[in-house]
Structure formats: C-alpha cells, structure tokens
Amino acid sequence: WTGLLQERKENAKWFEERLSSVSEKLGLRVLKVPANRISFCIDISSLGRSPDDAADDIDHLTFLGSALFTRRVSGPRVVLCTPKPGPAEELPQEAAPAQTIKVKGKYQKVIDGTSFECYGAHTDSYPCCYLTAACAIGATRKEMDAFVERLESAVQEYKNGAGRKDKKGKPSLGS
C-alpha cells in the first residue's frame, strides 16, 4: 500500500509537469491548487474567447469532455463558470419544488430549493472555466501520457472549430 502511495506521488509530480508543458503549448495553463495533490485543473476559458466576436462563447467548451469520451477517456470533466453577476444583473430567485433540478442563469442549478451558481465547481464564484483530471492510485505513466495526447488532440480539434455552431446555429464539424 505504501509503495502504491509513493508511486502515485511520483506520478502526480510527473503528470503535473507533463500536463503543464502541453497546456502551455496549447495556450492554456494548469491552475495551482496546492491543497489538492490528486486532481489537476486546466483553465480552458481562453478557448471560449473568440477573436472574431466581441462576446465570449464558453457554452461549447463542454465539447472537450465529449471529445475525450469519444477518445476512450473517462473521468475528466469540464466545469463552466462565470463571475458572479453584479447587483443590476441579479437573476430572480424562485423556490424550486422539491425533487426537481432547474437550470437558471448561465450555469446555475437549483436543486431542492438550493441554488448552485457555478454548478460542478467547489465554489459559487470561480473565476474561470476548467477541465479537471486526476492522478489516481494505480494509474500508469503510459495511461497518463495517453490522456495528455488525447487531450491535446481534442483541444486542437476544438480550436479548428469542432463542437461549435456556425452563424445559422448548425453544429460545426471542424476543419
């Protein structure tokens, strides 16, 4: 057991370095979360910014999760967040009936009357969208390297237009 823990610690350090290197190459960054030594987060907000359009389009970032899944990668998840609205932009609060889930606002969900602003994040006001991946006990460097390669491929596909809608609202297949 202690051997597995030590191996995971060594692999986590290696994984963070490898993930940081590839993220930097893609124009992304690994977030520094010192209290979490197992999971790693990549800020993907820059992928939602369009140089051609004044408005950000982060809604389609979830494509990365589905693109990884189709590449036989399970576990990572994409969390969409926006800064909390100011007082003039407050969303109306309605009591949700018990046992229902409602989506309100951009990424807000109300579950049994409790509002979650950036659903999926660990806080209601996280400043960026991110993809999270873990370095678990038993994961090999070969598996983690395959993940990083598949992530790189999915991000490149997204940058080429896959997962977004064209001006007429039709899905884009990328180039």
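Our subject is the structure that appears above.
About the cut-offs
- Residues numbered from 1 in each chain as written.
- Predicted model: local features only at pLDDT ≥ 70, side-chain atom pairs only at ≥ 80, totals over all residues.
- Heavy atoms only, no water.
- Helix = DSSP H or I, 4+ residues; strand = E, 2+ residues; numbered from the N terminus.
- Contact = heavy atoms within 4.5 Å.
- Pairing = 2+ DSSP bridges.
- Axes fitted to C-alpha atoms, helices over the stretch in contact; angles between N-to-C directions.
- Phe/Tyr/Trp six-rings, centres within 6.5 Å; stacked < 30°, edge-to-face > 60°.
- Buried < 20%, exposed > 50% of the residue type's maximum accessible area, 1.4 Å probe, protein only.

Chemist: Before we go on, may I ask you to explain unusual backbone geometry in this structure?
Modeler: Across the chain, the bulk of peptide bonds are trans and the bulk of non-glycine residues have phi less than zero. Its identity as a non-glycine residue notwithstanding, Arg72 has a phi of 65°, on the positive side. Locating Arg72 in the fold gives a position in the loop between helix H2 (63-70) and strand S3 (77-79).

Chemist: Please clarify how the side chain of Ser45 should be interpreted in this entry.
Modeler: Residue placement: Ser45 occurs in the loop between strand S2 (39-43) and H2. Among residues more than four places away in sequence, those in contact with Ser45 are Cys128 and Cys129.

Chemist: Mind showing me how you'd approach the sheet that holds S3 here?
Modeler: Strand pairing in a sheet is mediated by backbone hydrogen bonds. Such pairs are either parallel or antiparallel. Read across the sheet, four strands follow the order S1-S2-S7-S3 without closing on themselves; strand pairing throughout is antiparallel. Single-partner strands in this sheet number two, and they are strand S1 (29-30) and S3. Pairing between S2 and strand S7 (residues 130-134): five bridges, direction antiparallel. Of the residues in S7, the one forming a bridge with Asp43 is Tyr130. Across the sheet, helix H1 (residues 2-25) is in contact with S1, S2 and S7; its angle to S2 comes to roughly 10°.

Chemist: Is there a simple way to think about the packing of aromatic side chains in this case?
Modeler: To describe a pair of aromatic rings, one takes the distance between the centres and the angle between the planes. In total, this model carries three aromatic pairs according to the counting rule given. Here Phe15 and Phe40 contribute two aromatic rings whose centre-to-centre distance is 5.5 Å and whose plane-to-plane angle is 70°, an arrangement assigned as edge-to-face. Of this pair, Phe15 sits in helix H1 while Phe40 sits in strand S2, and the two are 25 residues apart along the sequence. No difference in accessibility class separates Phe15 from Phe40, as the two residues are buried. Ring geometry for Phe15 and Phe147: centres 6.0 Å apart, planes at 50°, overall tilted. Placement of the pair is Phe15 in helix H1 and Phe147 in helix H3 (residues 141-159), with a sequence separation of 132 residues. Owing to a relative accessible area of 9%, Phe147 belongs among the buried residues under this scheme. Among the aromatic residues, those joined into a ring-pair cluster are Phe15, Phe40 and Phe147.

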